[in-house]
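Observations on the model geometry
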Amino acid sequence: MAFAKAERLKLLPPYLFQEIDRLKAELISAGVDVINLGVGDPDLPTPRHIIQRLQEAAEDKANHQYPSYSGMNDFKVSVAGWYRRRFGVELDPEREVLTLIGSKEGLAHLPLAFIDPGDLALVPSPAYPVYHIATMFAGGHSHIMPLVRENHFLPDLNAIPADVARQARLMFINYPNNPTGATAERGFYERVLDFAREFDIIVCHDAAYTEMAFGGYKPMSFLEIPGARDVGIEFHSLSKTYNMTGWRIGFAVGNAEIIGGLGQIKSNIDSGAFNAVQWAGIAALEGSQDCVVEMQNIYRERLEVLMDGLNSVGLYPDVPKATFYVWCPTPAGLSSTEFTSLLLKEAGIVTTPGSGFGEPGEGYVRMALTVSKERIEEAVGRIRKLSI
Ligand SMILES: *Cc1c(COP(=O)(O)O)cnc(C)c1O
């Protein structure tokens, strides 16, 4: 039988990693010792005290029933407390916080609440693919905001035509940024707020990497800008901060109306996050943050090894102040996919072609610091032997 797929599935971009996955599998079965810098998934385990809290909470039958749609009150209060301590921002746990089953879930559902067929969303590129795809699933169109090195990988708001801005309902931004590793400062967020006010646009800030930063650098929240709450919401994840990608827990905070709209969609699709996981999330947010500092130190050591190696072969990526990604320019004359294939075939190193995150990512590959320092040293040794 052949089942006709819905248009939205036919509209999905081709799977760019297919060829890489095939090559990788081939090399592994041929016995090659493959080093995987391809996936943005922490290799370190979830801290002990968080696992223990889940174990206790899983035993409690009060947690076995359906959770509350918008999240457990204790978790939302805990999020508000973390926001106050970390960013100095006050939130109403009842109206301005929503528990998510991972932040990807919330990002993917948001357009269903605010995008009608034919509406526009302003979407960065290269980017986490969810922004564009979720817009498309809601029947909307993306207006691409290219992120280029000359503009520090920030969208150039002046380049957005006024008629496009007037039609746009949503703008997605993400700092510290995946895949470029770029960070944003107060001035940028202020410009975004002014722009959103002028054109009546909802700002959706994906802040998954605010805690993964180096050398004492503290990324700020969009909500620290006075008035930001009038136009936007911010998405956070426990995935990267506490090595909890498999647990599926995150949250959205900010404008009560936007939070309410997203909650309305969610209550008709899912039935909330497992309460035991929310209790473990409370343990993460309220417990000692030493595990976060340790995580930052580990990535910083790995980063130094990789940066030294890439600089020694003349590639000179920007030094990221946050995230666990290095956005590495390709050697002269090689496209993203050509360099990715060369690294894989000649050095057994898996990376992600920048063009896979959107056309403006052409000319780069993304390397994730998700293997040990020793493995990164090994990767660097192999890269030095390539003639590039
Ligand atoms: C990893 C990541 C997320 C987090 O996803 P979860 O669903 O919370 O695991 C969100 N946005 C970006 C850009 C990411 O890289």
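Residues numbered from 1 in each chain as written. Predicted model: local features only at pLDDT ≥ 70, side-chain atom pairs only at ≥ 80, totals over all residues. Heavy atoms only, no water.

A closer look at the site of the ligand
Defined as follows: Residues are counted as near a molecule or strand when any one of their heavy atoms sits within 4 Å of it. The term polar contact refers here to a pair of N or O atoms within 3.5 Å; inside protein, the definition further demands a hydrogen-donor-capable atom paired with an acceptor-capable atom, and it admits residues adjacent in sequence only when both atoms are side-chain atoms. All accessible areas in this document rest on Shrake-Rupley with a 1.4 Å probe, and a residue is counted as covered only by the protein chains that are shown. Runs of H or I in DSSP of at least four residues are treated as helices and runs of E of at least two as strands, each being numbered from the N terminus.
Taken together, 14 residues are adjacent to the ligand, and D206, S237, S239, K240 and R248 come closest. The side chain of Y209 places a nitrogen or oxygen atom 2.6 Å from an oxygen atom of the ligand. Protein contacts shield 94% of the accessible area of the ligand, which totals 390 Å² for the unbound molecule. Only α5 (103-114) and α9 (238-241) provide two or more residues apiece to the shell around the ligand.

Some details on helix α2 (residues 18-29)
Quick reminder of the rule: By this rule, a helix spans an expected 1.5 Å times one less than how many residues it contains. Accessible area is worked out with a 1.4 Å probe on protein chains only. A residue is then buried under 20% of its type maximum, exposed over 50%, and partly exposed in between. The arc in question is the one traced by the directions running from the helix axis out to the C-beta atoms. Contacts: residue pairs with any heavy atoms within 4.5 Å of one another.
Relative to the 16 Å expected for 12 residues at 1.5 Å per residue, α2 spans 17 Å between its end C-alpha atoms, a close match to the ideal helical length. Taken as a whole, α2 has its buried residues at I20, L23 and L27. One side of α2 carries all its buried residues, which in axial view fall inside an arc of 65°. Counted as exposed and oriented over 90 degrees from the buried face of α2: Q18 and S29. Of the surrounding elements, those touching the buried residues of α2 are α13 (336-347), β10 (349-350) and β11 (352-353). Directly beyond the C-terminal end of α2, a positive phi value near 90° is found at G31.

Considerations on the domain arrangement of the chain
Interfaces are often described in size by the accessible area the parts lose on coming together. To keep it simple, the criterion reads: By convention here, the domain bounds are inherited from an automatic or database domain assignment. Note on terms: buried area is the combined drop in 1.4 Å-probe accessible area of two parts once they are placed together, counting the loss on both. Counted as salt bridges are all cases of a side-chain nitrogen of Lys or Arg within 4 Å of a carboxyl oxygen of Asp or Glu.
As far as domains go, the chain holds domain 1 (7-45 + 290-384) and domain 2 (48-286). The centre of domain 1, based on its C-alpha atoms, is set 25 Å off from the matching centre of domain 2. Opposite the 35 residues of domain 1 that make contact, domain 2 presents 33 residues. For the pairing of domain 1 and domain 2, the buried interface totals around 2900 Å² over both sides, and the portion due to carbon and sulfur atoms is 64%. Run the count over domain 1 and domain 2 and you get 2 salt bridges. Between E185 and K321 there is a salt bridge; the shortest N-O distance is 3.8 Å. The interface formed by domain 1 and domain 2 holds 10 residue pairs in polar contact (both at pLDDT 80 or more) in total. For the side of domain 1 that touches domain 2, the secondary-structure elements that each account for two or more residues are α12 (290-312), β9 (325-329) and β12 (364-368). Among the elements that line the side of domain 1 that touches domain 2, the one with the most residues is α12, at 7 residues.

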